[in-house]
Amino acid sequence: MNAIDAVIDSFSRLPGIGHKSAARIAYHLLKQGPADAFRLAEAVSSLHEKIHPCKVCGSYTEDELCSICADETRDRSLICVVGFPQDVNTISSIPEYRGLFHVLGGLIAPLEGVGPDQLHISELIRRIHEGKITEVILATNPTIEGDTTALYIQKILQDLPVNITRLASGLPVGGDLEYADRLTLARSLNGRIKF
C-alpha cells in the first residue's frame, strides 16, 4: 500500500468518514503542503499524551479539573448525567444549562459486554452523597441502551434525597410530522403536556 492509500485508509476508519471523504481530505492535505500535514499529525499524536478524563466528572481535559468543574459560578445543585464526554460539549453549548456533569463512560449494552459495573455509577452516587446535589438530570441518548441505562440509574438513585429527571424527547421544533419516525411520534404522544 502506498503512502496516500495508507492515509485514505486511516481517515476512512474514522466515524462518519467514508472512502470518498477520506480521499478528499488526503488530497487536500497534499495540496496544502507539508506544514498543514505536520500540524495535523502533531495535534493528533499529542491527543493521548495531553488529554485525560477530569478527576471529578470524567469529561476530557488537559488539566486536573475540566473547565466546567473548575467554574465556581455553575449551579452545583444540578448534575447532568451523560454517556460520553462528547455529550458534555453538546449540552454545555446551550446557555440554559449551568449545572455540573457526570460522564458514565458508556451505556449499558449487554450484547457488547457493557454492564452497569463498567460504568461510573458508583462515582455518581459518591458525588451525590458528598455534594449538595438536589437534582440529577438523566441525559442519556434516547436509544434502547440509553433508556436502559437511565432506568437502571433511576432505580439505583430512587432512595436518595434527589429529584431525578429525564430529558424530554419527541418532535423537533420546526419538524414535520410526515418525516417523524414511529418511536419519536410515540414518545411525543406519551410525553404530551397540557396546552
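Residues numbered from 1 in each chain as written. Predicted model: local features only at pLDDT ≥ 70, side-chain atom pairs only at ≥ 80, totals over all residues. Heavy atoms only, no water.

Caption draft 1: Inspection of the packing of aromatic side chains at higher detail. If you walk through the whole model with that rule in mind, you get 1 aromatic pair. For the ring pair Tyr97 and Phe101, a centre distance of 5.2 Å and an interplane angle of 70° mean the geometry is edge-to-face. When sorted by exposure, Tyr97 lands in the same class as Phe101, which is buried. (Phe/Tyr/Trp six-rings, centres within 6.5 Å; stacked < 30°, edge-to-face > 60°. Buried < 20%, exposed > 50% of the residue type's maximum accessible area, 1.4 Å probe, protein only.)

Caption draft 2: The nonpolar core, seen in detail. Judged by nonpolar contacts, the single largest core of 16 residues is most densely connected at Val81, Leu124, Ile128, Val136, Ile153 and Leu157. When contributions to this core are tallied by element, the ones reaching two or more residues are strand E3 (75–82), helix H6 (121–130), strand E5 (135–138) and helix H7 (144–157). Every residue in contact with Leu157, bar those within four places of it in the chain, is listed here: Leu124, Ile125, Ile128, Val136 and Ile164. In this structure, Cys66, Cys80, Ile91 and Ala139 belong to the second largest nonpolar core, which totals 15 residues. (Core = buried A, V, L, I, M, F, W, Y, C linked by side-chain atoms within 4.5 Å. Helix = DSSP H or I, 4+ residues; strand = E, 2+ residues; numbered from the N terminus. Contact = heavy atoms within 4.5 Å.)

Caption draft 3: View of the side chain of His102. Residue position: His102 is located in strand E4 (residues 99–103). A distance of 3.2 Å separates the side chain of His102 from the side chain of Arg127, its partner in a polar contact. The contacts of His102, once residues within four sequence positions are left out, are Val56, Cys57, Ile79, Cys80, Val81, Val82, His120, Glu123, Leu124 and Arg127. (Polar contact = N/O pair within 3.5 Å; in protein donor to acceptor, adjacent residues only side chain to side chain.)

Caption draft 4: Quick peek at the pattern of salt bridges. Throughout the structure, instances matching the rule amount to 7 salt bridges. One salt bridge in this structure joins Asp36 and Arg39, with 2.2 Å as the shortest N-O distance. Separated by 3 residues within a single helix, Asp36 and Arg39 lie in helix H3 (residues 34–50), roughly one turn from each other. Taking relative accessible area as the criterion, Asp36 reaches 25% and is therefore assigned partly exposed. (Salt bridge = Lys/Arg side-chain N within 4 Å of Asp/Glu carboxyl O.)

Caption draft 5: Region of interest: the environment of Cys66. Locating Cys66 in the fold gives a position in the loop between strand E2 (60–61) and helix H4 (67–70). A residue is classified by how much of its surface remains accessible, and Cys66, at 5% relative accessible area, is buried. Along the sequence, Cys66 and Gly106 sit 40 residues apart, while their C-alpha atoms lie 19 Å from each other. Apart from residues lying up to four places away in sequence, Cys66 is in contact with Cys54, Cys57, Tyr60 and Thr61.

These figures come from the coordinates and say nothing about function on their own.
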